[in-house]
Amino acid sequence: MKESSTDIVIALQEATVFHRQRLLFDKLTWKIRKNEHWVITGPTGSGKTTLLHAILGKYLLRQGRIAYPLLEQFRKSPD
């Protein structure tokens, strides 16, 4: 089955993320698709909140791409 961009909610493609000169994630690739349910677990300080902040754009993306195809669909909609 071919994947459509309308099926993807968020896509990280080889994302290298820094905060204050500190490398947080190096070449992270991950897609979240419609109707998927993810759980991010780990001990305190393992990077759960940091990952969410990176997805929200709070940290500097030095390389790669973070895309939000679902939001782009809403922007293109005439409604």
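Quick caveat, the model's predicted, so the values are computed rather than measured.

J.: Tell me what's going on with the sheet that holds strand β3 (residues 60-67), and back it up with residues and numbers.
T.: Spatial strand order, β2-β1-β3: three strands in an open sheet with antiparallel pairing. Both outer strands of the open sheet, β2 (22-33) and β3, are each paired with one neighbouring strand and no more. The mean inter-strand angle of the sheet, taken between neighbouring strand axes irrespective of direction, is 5 degrees. Sheet topology note: the strand β1 (residues 8-19)/β2 ladder contains eight bridges and is antiparallel. Considered in β2, the bridge of I8 is made with R33. Along the sheet, helix α1 (residues 48-55) makes contact with β1, β2 and β3, crossing β2 at roughly 75 degrees.

Basis of the calculations
Each chain carries its own residue numbering, running from 1 in the direction its sequence is written. The predicted origin of the model limits local features to residues at a pLDDT of at least 70 and limits the giving and counting of side-chain atom pairs to 80 or more, whereas totals for whole chains, interfaces and linings rest on all residues. To get the side-chain values, all heavy atoms of the structure are used, and hydrogens and water are removed first. In this analysis, strands are considered paired if DSSP registers two or more bridges between them. Helix and strand definitions here come from DSSP, where helices need a minimum of 4 consecutive H or I residues and strands a minimum of 2 consecutive E residues; each element is numbered from the N-terminal end. Orientation is described by lines fitted to C-alpha atoms, with helices fitted over the stretch in contact, and by angles between N-to-C directions that extend from 0 to 180 degrees. For this analysis, residues touch if any pair of their heavy atoms sits within 4.5 Å.

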